[in-house]
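Spelled out, the chains give:
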Amino acid sequence: MPTMDSQTLERVYQAELGAVHAFLSRLGAPRGDVGDLLHDVFLTAVKRWSSYDPQRPVRPWLLGIAFNVYGDWKKTGARRFEEGRDELPERGDESDLEARVEARKTGALVQAALLELDEPKRAAFVMHHFEGLSPNEISEVMQVPAATTYTRLRSARLELTEAVRRRQNPSSGAAA
Amino acid sequence: MNDLELEPLPDDVLAALGDAPVPALPPGVAEAVLAKVKVSAGLAAVAAASNAASQSVSSTTVAAKGGVSVLLKVLPVLTLTAGVGLGVAADRFVFRPNSVTERVVVERVEVPAAPVPEVRPSVKAPPKKVAAVDTLGRERVLLDLARSALSSGDVAKALAAVQSHETQFPAGQLTEEREALAVQILWTAGRRDEATRRLHAFSLQFADSPLRPSLDAMMR
């Protein structure tokens, strides 16, 4: 049974940390807890490395672990959901401050719209749209039939469209 | 059934998703999390040994703002023995968190030459069953509770949390961390004989544990 050594861990970590972090954040993990969640995801990956098929890309496998870790973490009661938290823009060149504030607003709007989806739909949508997983890969890592994944993706797209438009134009009411 | 059957997102929604920035990690978190994973997975001793060959500072202070605070949460006092298994002089690096200054002081302690144990690059010394993913979070909550209680001086509560973990997860994924914590709690509670016995059992079960040196240092 192959085990994950330190070098392999570092290689996988450097390559996939960004994607796993983005996935957890878009799922709804608060900034203050994301470090603990990342720890649990990569520790689980080390412990379950023997179950990973090296002939296949590692990202779907890791995102499947991340989905389970996030779901379990929510059940523990340790969560501190901070939906709508308003964080200051990170320090940087003042000349692009306006653009960064605008991007942050858009990011907050998209995140709020994502959080309107129920969790399985949100996870499937994020895996598909942002991380490029195929519906079949999503079905495999979420351990559901392909038909379920297609249903979730279709529903997520409709609901997200409605949520984004409603938040972009709060006075107009329903989606176009 | 294939991807073409999925309706594309409208252009305005696609644009909003495209304009939303990719979530970025706070500075320092990536390094702190990797270090913590290595410790939890039992890979830290090997990593520390690799780093030690080029390590020349005798004492330094690392700012613990942001990411390193993650390390502080789980490692009240962490000691890594470097040089093990490389045939070089062994040094001990002690990471002492200071909750007031939010800094970690890293001290290098010279260790007299002594027979060094072989460090196998295995994840854990004894083979253990892989627990279900969904139990890891619950295990961590209990151990975090124990650490928090210990740091606030409530050893009874800390011990209760550890015993709860032992009852619920007798062969859990964080068994090694639990046993090390139990030794620390018993020692702090003044139950020195029990702490010594438990350390002996810990040493037998986790012969290569990177947590062992910090326990030795505490009980010295």
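Residues numbered from 1 in each chain as written. Chains lettered and ligands numbered in written order. Predicted model: local features only at pLDDT ≥ 70, side-chain atom pairs only at ≥ 80, totals over all residues. Heavy atoms only, no water.

K.L.:
Would you mind going over the overall build of chain A with me for this structure?
P.N.:
Summing up its helical and strand segments, chain A has seven helices and zero strands in all. Element order for chain A, N to C, with α for helix and β for strand: α-α-α-α-α-α-α. Here chain A, with 176 residues, has 50% of them falling under the buried criterion. A separation threshold of at least 6 residues defines the contact pool for chain A, and within that pool the share at least 24 residues apart is 63%. Surface accessibility of chain A: about 8,500 Å² in total, with carbon and sulfur atoms responsible for 49%. (Helix = DSSP H or I, 4+ residues; strand = E, 2+ residues; numbered from the N terminus. Buried < 20%, exposed > 50% of the residue type's maximum accessible area, 1.4 Å probe, protein only. Contact = heavy atoms within 4.5 Å. Areas by Shrake-Rupley, 256 points an atom, 1.4 Å probe, with all protein chains shown as cover.)

K.L.:
Which parts of the structure should I look at to understand the environment of Trp49 of chain A?
P.N.:
If you trace the backbone, Trp49 of chain A turns up in the loop between α2 (34-47) and α3 (58-75). Residues Trp49 of chain A and Thr3 of chain A, 46 residues apart in the sequence, show an inter-C-alpha distance of 6.0 Å.

K.L.:
How do you make sense of the interface of chain B and chain A when you look at a structure like this?
P.N.:
By a widespread convention, an interface's size corresponds to the accessible area lost as its parts come together. Counting residues at the interface gives 48 residues for chain B, matched by 52 residues for chain A. Between chain B and chain A, a total of about 4,400 Å² is buried, with carbon and sulfur atoms accounting for 68% of that surface. Note that Arg140 of chain B is salt-bridged to Asp36 of chain A, the shortest N-O span being 3.7 Å. Secondary structure elements with two or more residues in the side of chain B that touches chain A: α1 (11-19), α2 (29-41), α4 (68-74) and α5 (133-151) of chain B. Examining the composition of the side of chain B that touches chain A, we find that nine residues originate from one element, α2 of chain B, more than from any other. (Buried area = accessible area lost by both parts, 1.4 Å probe. Salt bridge = Lys/Arg side-chain N within 4 Å of Asp/Glu carboxyl O.)

K.L.:
Would you explain the pattern of salt bridges in this entry?
P.N.:
In a structure, side chains of opposite charge can pair up when their charged atoms sit close to one another. Applying the stated rule across the entire model yields 24 salt bridges over all chains. Salt-bridge contacts for Arg59 of chain A lead to Glu16 of chain A; the nearest nitrogen and oxygen are separated by 2.6 Å. In this pair, Arg59 of chain A is assigned in helix α3 and Glu16 of chain A in helix α1 (residues 6-27), connecting sequence segments 43 residues apart. For Arg59 of chain A, a relative accessible area of 28% gives the class partly exposed. Note that Arg138 of chain B is salt-bridged to Asp72 of chain A, the shortest N-O span being 3.4 Å. Here Arg138 of chain B is found in helix α5, whereas its partner Asp72 of chain A is found in helix α3 on a different chain. On the accessibility criterion, Arg138 of chain B (34% relative accessible area) is partly exposed. Several salt bridges converge on common partners, so that one network encompasses Asp36 and Asp40 of chain A together with Lys36, Arg140, Asp144 and Arg147 of chain B.

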